[in-house]
Amino acid sequence: MQVNVSKEHPVYKYDDEHDVMHVHYADRWNSSVIEDYPGILVHYDDTTNDCTGFTVMDYKKQKPNLKKYYPNDFAELPDEP
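The following refers to the structure shown. In every chain, residue numbers begin from 1 and rise along the written sequence. Per-residue local features of the predicted model are confined to residues with pLDDT of at least 70, and side-chain atom pairs are confined, for both listing and counting, to 80 or more; whole-chain, interface and lining totals are unaffected and use all residues. Side-chain measures here rest on the full set of heavy atoms in the structure, leaving out hydrogens and waters.

1. Description of the pairing of strand S5 (residues 40–45)
Logical step 1: Think of it in three bands: residues with accessible area under 20% of the maximum for their type are buried, residues over 50% are exposed, and the middle band is partly exposed, with areas taken using a 1.4 Å probe on protein chains only. Starting at the N terminus, helices and strands are each numbered in turn, a helix being any DSSP run of H or I of at least four residues and a strand any DSSP run of E of at least two. Of all six residues in S5, five are buried, a share of seventy percent or more.
Logical step 2: As defined by bridge partners, strand S4 (residues 31–37) adjoins S5 across six bridges and the pair is classed as antiparallel. Within the sheet, the bridge partner assigned to Glu-35 lies in S5 and is Leu-41.
Logical step 3: When DSSP finds two or more bridges between two strands, those strands count as paired. As defined by bridge partners, S5 adjoins strand S6 (residues 50–56) across five bridges and the pair is classed as antiparallel. Residue pairing in the sheet places Tyr-44 in a bridge with Cys-51 of S6.
Logical step 4: Between S5 and S6, which follow one another and run antiparallel, lie four residues, and Asn-49 among them has a positive phi close to 70°.

2. Re the environment of Tyr-59
Logical step 1: Among the secondary structure elements, Tyr-59 is positioned in helix H1 (residues 59–69).
Logical step 2: A residue is classified by how much of its surface remains accessible, and Tyr-59, at 1% relative accessible area, is buried.
Logical step 3: Separated by 40 residues in sequence, Tyr-59 and Asp-19 have C-alpha atoms that sit 5.6 Å apart.

3. Topic: unusual backbone geometry
Glycine aside, residues mostly have negative phi, and peptide bonds are mostly found in the trans state.
Logical step 1: In this structure, Asn-49 is a non-glycine residue whose phi angle is positive, near 70°.
Logical step 2: Tracing the backbone shows Asn-49 in the loop between S5 and S6.
Logical step 3: Classification of Asn-49 as partly exposed rests on a relative accessible area of 27%.
Logical step 4: Positioned with a positive phi, Asp-58 is a non-glycine residue whose angle comes to about 50°.
Logical step 5: As for its placement among the helices and strands, Asp-58 is situated in the loop between S6 and H1.
Logical step 6: With relative accessibility at 43%, the residue Asp-58 sits in the partly exposed group.

In structure tokens, the structure reads:
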């Protein structure tokens, strides 16, 4: 699915206990979620189709896939969660 990304000030929240990274670009109140790739959930606005964030399961294993599948969206990932 093609979504437009608006990411002026992304917020990264990492859950160390569950190895899950949450990336927020915008308010997700009006968002739906699709699992674009196994373990990578894309949140997008129902009205505008803009990407509002991502949830990444098994972040430490998925990190190489993020840069492969979403090179523009994850160009500035923190080195350590």
